[in-house]
Amino acid sequence: MWLVGAGIMAQGYAKVLTALDVDFTTIGRGRASADEFEAATGKSVELGGLDLALSKSQAPDQAIVAVGIDVLMTTTAALMEAGTRNILVEKPAGLSLDEIERLESIRKATGARVLLGYNRRFYSAVRVARQMIEEDGGVSSAHFEITEWGHRIGPSDIVPNVKQRWFLGNTSHVVDLAFYLIGNPTEWHSMVDAPVDWHSAGSRFSGSGKTDRDAFFSYFGDWQAPGRWGLEFLTRKRRLILRPMEVLQVTPLGSVEAELIETDEAPEAEFKPGLYFQTKAFLAEDDQCFCSLTEQSLNAKLYSQMAGYL
């Protein structure tokens, strides 16, 4: 097992892998991030980047790719072409629809198993919500908010080309979770407006439609106004609220009171939410809750349309 990357997300994975007693090698590039990684995890980092590591060693059977969004595609492609056949790559797997589609072409040619790290699918609150939805016979309608804090993102030192694809690279967390629970859109329309310097496609988003599970949905986001991520799912018996997404509240039919639902967070509470169960499922080859790269190549087109990239 190789853990490729030594940033904050890689630190999170390292802590989980250590807890699961998995032997792994961390591949990093710069000294500064390696020092921070080693201080946070107690694990060493092989410096020099992936190309150097592959020139010195045979490609690993398994890898977790937790590098910057702008190099997710090239890193994952290099691993597949070198012979790695089981890869967990951080969302969204590429910086654009074109990159993700090219990555899927390589996956088809190599036959690799490539899964996306949308860790919110693995939240305890989401797991309980999914069970309730199944008990109630599915979602009849849903609404989700995709507001981002533009006042912080805009002036930040995040790489400009990553900011320009912020919807795909970050906001897709919310959209992925919504359609994971209600099905894929079959009929829908959207609007995008109010371009800003750091995200020229737009900063106001709205849309609605219907999914292949017969659920109606609507969404909005205003990146120049106050707000936060949130999702609401309506069944015939309950309204399920994930706002924040780590917490589940439920309003039963006939009531207007939202009840906080206790979820079993152990051992998840020790780690970045969702990461423990996500990593454990990847290692066990339990793919049922994952977004595969094949699915992502289709979803990325949807996200690009919602974001105004197409």
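Source: prediction; values computed, not measured. (Residues numbered from 1 in each chain as written. Predicted model: local features only at pLDDT ≥ 70, side-chain atom pairs only at ≥ 80, totals over all residues. Heavy atoms only, no water.)

Caption draft 1: Expanded view of the side chain of Arg 238. Mapped onto the fold, Arg 238 is located in strand β11 (residues 238-242). A polar contact of 2.9 Å, which involves the side chain of Arg 238, links it to the side chain of Asp 136. Discounting residues that sit within four places of it in the chain, Arg 238 has contacts with Met 132, Glu 135, Asp 136, Phe 233, Val 250, Thr 251 and Pro 252. (Helix = DSSP H or I, 4+ residues; strand = E, 2+ residues; numbered from the N terminus. Polar contact = N/O pair within 3.5 Å; in protein donor to acceptor, adjacent residues only side chain to side chain. Contact = heavy atoms within 4.5 Å.)

Caption draft 2: Spatial organisation of the side chain of Thr 171. With respect to the helices and strands, Thr 171 occurs in helix α9 (residues 166-182). Using a relative accessible area of 0% as the deciding quantity, one classes Thr 171 as buried. For Thr 171, the side chain forms a polar contact with the side chain of Glu 148, separated by 2.7 Å. Setting aside residues no more than four positions away along its own chain, Thr 171 makes contact with Ile 146, Glu 148, Trp 166, Trp 223 and Trp 229. (Buried < 20%, exposed > 50% of the residue type's maximum accessible area, 1.4 Å probe, protein only.)

Caption draft 3: Inspection of the environment of Gly 227 at higher detail. Looking at the secondary structure, you find Gly 227 in the loop between β9 (216-222) and β10 (229-234). Assessed through its relative accessible area of 24%, Gly 227 is described here as partly exposed. Sequence-wise, Gly 227 and Glu 145 are 82 residues apart; in three dimensions their C-alpha atoms are separated by 8.2 Å. Other than its neighbours up to four places away in sequence, Gly 227 contacts Glu 145, Thr 147 and Trp 149.

Caption draft 4: Representation of the packing of helix α4 (residues 72-82) against helix α5 (residues 97-110) in the model. Between α4 and α5, whose axes approach to 10 Å, the crossing angle comes to 10°. Between α4 and α5, the interaxial angle falls into the category roughly parallel. The segment α4 lies against α5, with Met 73, Thr 76, Ala 77, Met 80 and Glu 81 engaging Glu 99, Arg 102, Leu 103, Ile 106, Arg 107 and Thr 110. When its residues are assigned to classes, the contact of α4 with α5 shows five nonpolar, two polar and four charged. (Axes fitted to C-alpha atoms, helices over the stretch in contact; angles between N-to-C directions. Parallel < 35°, antiparallel > 145°, perpendicular 65-115°, else oblique. Nonpolar A, V, L, I, M, F, W, Y, C, P; charged D, E, K, R; others polar.)

Caption draft 5: Molecular detail of the sheet that holds β10. The eight strands are arranged β7-β8-β9-β6-β10-β11-β12-β13 in an open sheet whose pairing can be described as mixed. Across the chains shown, the open sheet's two edge strands, defined by having one partner strand only, are β7 (185-193) and β13 (259-261). The sheet shows a mean angle of 15° between the axes of neighbouring strands, direction not considered. Strand direction decides the pairing type here: strand β8 (residues 204-211) and β9, joined by seven bridges, are antiparallel. For Ser 208, the partnering residue across the bridge sits in β9 and is Ser 218. The strands touched by helix α11 (residues 293-307) within the sheet are β6 (141-146), β7, β8 and β9, with β7 carrying the most contacts at an inclination of about 35°. (Pairing = 2+ DSSP bridges.)

Caption draft 6: Molecular detail of the pairing of strand β12 (residues 248-252). Across four bridges, the pairing between β11 and β12 is antiparallel. Across the sheet, the residue bridging to Arg 239 is Thr 251, located in β12. From the end of β11 to the start of β12, which pair antiparallel, there are five residues. Alignment of β12 against β13, held across three bridges, turns out to be antiparallel. When the bridges of β13 are listed, Val 250 appears paired with Glu 259. Linking β12 to β13, which pair antiparallel, is a turn of six residues; within it Gly 254 sits at a positive phi near 90°.

Caption draft 7: Structural detail: the packing of aromatic side chains. All chains considered together, the criterion is met by 11 aromatic pairs. On the numbers, 5.4 Å between centres and 15° between planes, the contact of Phe 144 with Tyr 219 is stacked. Here the residue Phe 144 occupies a position in strand β6, and Tyr 219 occupies one in strand β9, the gap between them amounting to 75 residues. There is no split in this pair, since Phe 144 and Tyr 219 are both buried. A centroid spacing of 5.6 Å and a plane angle of 10° characterise the contact between Trp 198 and Trp 223, whose relative ring orientation is stacked. With Trp 198 in the loop between β7 and β8 and Trp 223 in the loop between β9 and β10, this residue pair connects regions lying 25 residues apart in the sequence. Look at Trp 223 and you get buried, because its relative accessible area is 2%. (Phe/Tyr/Trp six-rings, centres within 6.5 Å; stacked < 30°, edge-to-face > 60°.)

Caption draft 8: Highlighting the nonpolar core. Grouped together as the largest cluster of nonpolar side chains are 99 residues, with contacts concentrated most on Leu 3, Phe 144, Phe 167, Ile 182, Leu 231, Phe 233 and Leu 248. Look past the residues within four positions of Leu 3 in its chain and what remains in contact with it is Ala 10, Tyr 13, Ala 14, Phe 24, Thr 25, Thr 26, Ile 27, Phe 37, Ile 64 and Ala 66. (Core = buried A, V, L, I, M, F, W, Y, C linked by side-chain atoms within 4.5 Å.)

Caption draft 9: Unusual backbone geometry, seen in detail. The step from Lys 91 to Pro 92 runs through a cis peptide bond, and the omega angle for that step is 0°. Its location among the elements puts Pro 92 in the loop between β4 (86-90) and α5. Here the residue pair Arg 243 and Pro 244 is connected by a cis peptide bond, since its omega of 0° sits within 30 degrees of zero. With a phi angle near 55°, Glu 285 is a residue other than glycine that sits in the positive phi range. By secondary structure assignment, the location of Glu 285 is in the loop between α10 (275-283) and β14 (291-292).

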